[in-house]
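# Examination of the molecular architecture
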Amino acid sequence: PLISHQSPSYGRSHTGFPQPLESPSPPKVSSPVLHSPRINVQTPPTVDAVNLGVVTPNSVSPGEAFVARFMAYTDSNLQAVMAAIQREAPSVQPRMDLDRCKWQRGTKVTVRLSARGAMVAQPHQTFLWESSSEIVRFDVEVAENTSLKMLILKFDIAVEGMPIMSLRPEVEISQVSANQK
């Protein structure tokens, strides 16, 4: 015969192991202190839609010096850029919105200008994009002995050292030299 021994305070569970008949009070557990990990929340960088343009004379002569301007600007700063150009060079027609790109604020932008048949003083210029507008000025002198009929200005734009685009405005070269004017 199977002998079963049960104490008055214990019964048998469905597993066959002794279980208390009375449920004792739950053990006291201190409330856990929740430590939230420090999350390094960084605001995403601000990126601007940037329009690119240039300002050059329509026509130049062999031996003539002029200023070629590269412009970067946001839509909201177009009027300010146009006003600055009008003050500096009222006789030239700006070529606006030749291209469009997106730049993060604080980005280093380098513009290089070259042209066959002309010499450019300080052909590489760099600026930090800070969200409004930038006008970069290049002094250009057309070669006295050029036989070219068109001067193609090569504006090469790099962001953080990486080439991203090129602008190629043309300037007519008249056959009358600057000395004959």
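Below, the structure is looked at part by part. (Residues numbered from 1 in each chain as written. Predicted model: local features only at pLDDT ≥ 70, side-chain atom pairs only at ≥ 80, totals over all residues. Heavy atoms only, no water.)

Let us look at the sheet that holds strand S7 (residues 108-114). In spatial order, the strands read S9-S7-S12-S13; together these 4 strands make up an open sheet with antiparallel pairing. Bordering the open sheet on either side are strand S9 (124-128) and strand S13 (162-167), each of which pairs with just one other strand. Neighbour-to-neighbour, the strand axes of this sheet turn through a mean angle of 25°, independent of strand direction. (Pairing = 2+ DSSP bridges. Helix = DSSP H or I, 4+ residues; strand = E, 2+ residues; numbered from the N terminus. Axes fitted to C-alpha atoms, helices over the stretch in contact; angles between N-to-C directions.)

Mapped onto the elements of the fold, Asp-48 is located in strand S3 (residues 47-56). Residue classification places Asp-48 among the buried residues on the basis of a relative accessible area of 9%. At 3.0 Å, the side chain of Asp-48 and the side chain of Trp-129 are in polar contact. When residues no more than four places from it in sequence are discounted, the contact partners of Asp-48 are Thr-74, Cys-101, Lys-102, Trp-103, Arg-105, Trp-129 and Ser-131. (Buried < 20%, exposed > 50% of the residue type's maximum accessible area, 1.4 Å probe, protein only. Polar contact = N/O pair within 3.5 Å; in protein donor to acceptor, adjacent residues only side chain to side chain. Contact = heavy atoms within 4.5 Å.)

The next subject is the sheet that holds strand S10 (residues 133-142). Taken in spatial order, the 5 strands line up as S6-S3-S5-S10-S8 in an open sheet, and their pairing is antiparallel. Of all the strands in the sheet, just strand S6 (93-104) and strand S8 (118-121) have a single pairing partner and so form its edges. Taking the axes of each pair of neighbouring strands and ignoring which way they run, one obtains an average angle of 25° across the sheet. Bridge count between S8 and S10: 4 bridges; the pairing is antiparallel. Of the residues in S10, the one forming a bridge with Val-120 is Val-140. Contacts between helix H1 (residues 78-88) and the sheet are confined to S3, strand S5 (65-73), S6 and S10, with S5 contributing the most and set at about 170° to the helix.

Tracing the backbone through its elements, the reader meets Thr-56 in strand S3. The exposure class of Thr-56 is buried, given its relative accessible area of 1%. Separated by 3.1 Å, the side chains of Thr-56 and Arg-95 make a polar contact. Among residues more than four places away in sequence, those in contact with Thr-56 are Ala-68, Val-92, Gln-93, Arg-95, Leu-153 and Val-171.

On to the pattern of salt bridges. By the definition in use, this model includes 6 salt bridges. With a closest N to O distance of 2.9 Å, Asp-48 and Arg-105 form a salt bridge. Of this pair, Asp-48 sits in strand S3 while Arg-105 sits in the loop between S6 and S7, placing them 57 residues apart in sequence. Using a relative accessible area of 39% as the deciding quantity, one classes Arg-105 as partly exposed. A salt bridge links Asp-156 to Arg-112; the shortest N-O distance between them is 2.6 Å. With Asp-156 in strand S12 (residues 154-159) and Arg-112 in strand S7, this residue pair connects regions lying 44 residues apart in the sequence. Taken together, the shared-partner salt bridges in this structure form one network comprising Arg-69, Glu-88 and Arg-137. (Salt bridge = Lys/Arg side-chain N within 4 Å of Asp/Glu carboxyl O.)

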